[in-house]
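# Per-entry structural report
Listed below, chain by chain, are the residues.
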Amino acid sequence: MTTTEARPAAPPAERSARRISINPRQSGIYVAFALIVVLFEVLTGGALLEPQNISNIIVQNSYVLILAIGMILVIISGHIDLSAGSVVAMTGAVSAVLMVNWQLPWFWAVLITLVVGAVIGAWQGYWVAYFGIPAFIVTLAGMLAFRALTLTVLGNQGIGPFPDAIRTLSNGFTDGYLGNIGLGPLGGADLVSLLAGVAAVAGIAFTQWRKRSARLGYGQDVDPFPMFVLKIVGIAVLVLALVVQLARFKNLPWVLILLTVLVLGYSLVAGKSVFGRHIYAVGGNLQAATLSGVKVKSVTFWIFVNMGVLAALAGIIFAGRLNQAGPTAGVNFELDAIAAAFIGGAAVQGGVGKVVGAITGGLIMAVINNGMSLIGAPSERVMLVKGVVLLAAVAYDIWTKRRAAS
């Protein structure tokens, strides 16, 4: 009788060196983003990555990126929101009435506007979660109703100008508190902005190191240490390059700081909290989530409340940027946010997606808009390219799913 000896489990160091795992669904979007940036940098003769143009891309598309954060959670849960653009217009009109017509202090006006956005989200969330009407129908009705209310509130005319604090949040930049430092041929750059970039890189490196250590502790496969270091170095180069360019122009935009806080906060909620896991569970398998004790109706309701709040925030930012609330504000914003979520890796059926991916998808759309504007492309060609990119992103998602299943 022969016996076979059990082979001991490989130590963590050996497990980490076995293979390099690459998820094409998650990494493909970042490769595509890099290629698009390189393409338009060449086509525009280097104008795309000029400091002022990078700042313009961020500031001009901030409200769509804010909407994309809320939209990715809605799509992950298996729903859709077609009313986001109309809610942007409606809440922008409310903020204008409060600040301009009623002369309320801007802080209280912003707070009341966010509450109005939450009420709008609660209204739509009730019909979807507790009454059982599909989100497509509810938000389609909301798109029409809130646009009509916007016209009613504004009287078919714009209201402005907005207080300095709102305009600064939408268009302003941080002050050079510590002055500029020389960067040789690049000229001068704001020291505070550079320090913020270094802090961001350190935070990313520390977070990824903790994640890798945790995976090793559980005996899971990770990338070899040289590859891990190479990834961190690549991220550091990209972040610092972006910060240096911004610091050379007018320092960091305030809206970029706001976006950073939102991305970090919502990434933690989606990836680390119980509520975030429930969102993925509801979108991934509704029946299994229900049988597992997930409060599906409550999760759906609060997702739409959150979408309303973020739409209100985007409405304030957009109105502050234009320095007035107009009846045509927010047109097609919901389509841009939906496209950003799907281009960023969200699955059509729900259950898949990341906040960072949605931001990347939104930046892809922003770079396409900006790059084609710089080369003088007509608007119909811009829409054509954006449509092709969206179709390609969804087709790639479906292809990778079929490939994984086979």
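Residues numbered from 1 in each chain as written. Predicted model: local features only at pLDDT ≥ 70, side-chain atom pairs only at ≥ 80, totals over all residues. Heavy atoms only, no water.

Where an unreviewed UniProt entry is consulted, the chain appears under the name Xylose transport system permease protein XylH, with the organism given as Amycolatopsis iheyensis. For the record of the chain, the UniProt heading Function (unreviewed entry) holds the text "Part of the binding-protein-dependent transport system for D-xylose. Probably responsible for the translocation of the substrate across the membrane." Taken directly from UniProt, the Subcellular location (unreviewed entry) text for the chain runs: "Cell membrane". (UniProt positions renumbered as here; feature names shortened; annotations may be inferred.)

Membership of the largest hydrophobic core comes to 74 residues, with the highest contact counts inside it found for I66, L67, I69, I72 and I75. Excluding residues that lie within four positions of it along the chain, I69 makes contacts with L262, V263, Y266, L310, V355 and I359. Among the nonpolar cores identified, the runner-up in size contains 18 residues, and I29, L48, I364 and V367 belong to it. (Core = buried A, V, L, I, M, F, W, Y, C linked by side-chain atoms within 4.5 Å. Buried < 20%, exposed > 50% of the residue type's maximum accessible area, 1.4 Å probe, protein only. Contact = heavy atoms within 4.5 Å.)

Burial analysis of helix α3 (residues 51–60) places 7 of its 10 residues in the buried class, the great majority of the element. Among the residues of α3, P51, N53, I54, S55, I57, I58 and V59 are the ones counted as buried. (Helix = DSSP H or I, 4+ residues; strand = E, 2+ residues; numbered from the N terminus.)

Mapped onto the secondary structure, D81 falls in the loop between α4 (62–76) and α5 (84–101). Within the buried core, D81 has no salt-bridge partner, and the shortest N-O distance to an opposite charge, that of R147, equals 11 Å. At 2.7 Å, the side chain of D81 forms a polar contact with the side chain of S83. In contact with D81, not counting residues within four places along its chain, are M71, V74, Q124, T139, M307, E334 and I338. (Lys, Arg positive; Asp, Glu negative; His and termini not counted. Salt bridge = Lys/Arg side-chain N within 4 Å of Asp/Glu carboxyl O. Polar contact = N/O pair within 3.5 Å; in protein donor to acceptor, adjacent residues only side chain to side chain.)

What follows covers unusual backbone geometry. The peptide bond linking G160 to P161 adopts the cis configuration, its omega dihedral lying at 0°. Within the secondary structure, P161 sits in the loop between α7 (135–154) and α8 (164–171). With a phi angle near 60°, Q103 is a residue other than glycine that sits in the positive phi range. Mapped onto the secondary structure, Q103 falls in the loop between α5 and α6 (106–129). Backbone geometry at N323 places phi at a positive 65°, although glycine is not the residue there. Examined against the element boundaries, N323 turns out to sit in the loop between α14 (296–322) and α15 (333–343).

The subject of this paragraph is the packing of helix α11 (residues 254–272) against helix α12 (residues 274–284). Viewed as axis vectors pointing N to C, α11 and α12 meet at an angle of 65°, and their least axial separation amounts to 5 Å. One element, α11, and the other, α12, form an angle in the roughly perpendicular class. Across from V269, A270 and K272 in α11, the residues of α12 making contact are V274, F275, G276, R277 and Y280. Grouping the constituent residues of the contact of α11 with α12 by class yields 5 nonpolar, 1 polar and 2 charged. (Axes fitted to C-alpha atoms, helices over the stretch in contact; angles between N-to-C directions. Parallel < 35°, antiparallel > 145°, perpendicular 65-115°, else oblique. Nonpolar A, V, L, I, M, F, W, Y, C, P; charged D, E, K, R; others polar.)

Helix-helix packing is described using two parameters, namely the angle between the two axes and the distance between the axes. As a packed pair, α4 and α15 sit with axes 8 Å apart at the nearest point and diverge in direction by 60°. As judged from the angle between their axes, α4 and α15 are oblique. The two elements α4 and α15 meet at a crossing, and its hand is right-handed. Residue-level inspection shows Y63, V64, L67, A68, M71, I72 and I75 of α4 in contact with α15, the latter providing F333, E334, D336, A337, I338, A340, A341 and F342. Residue classes in the contact of α4 with α15 are distributed as 13 nonpolar, no polar and 2 charged. (Left-handed = near helix turned anticlockwise from the far one by under 90°.)

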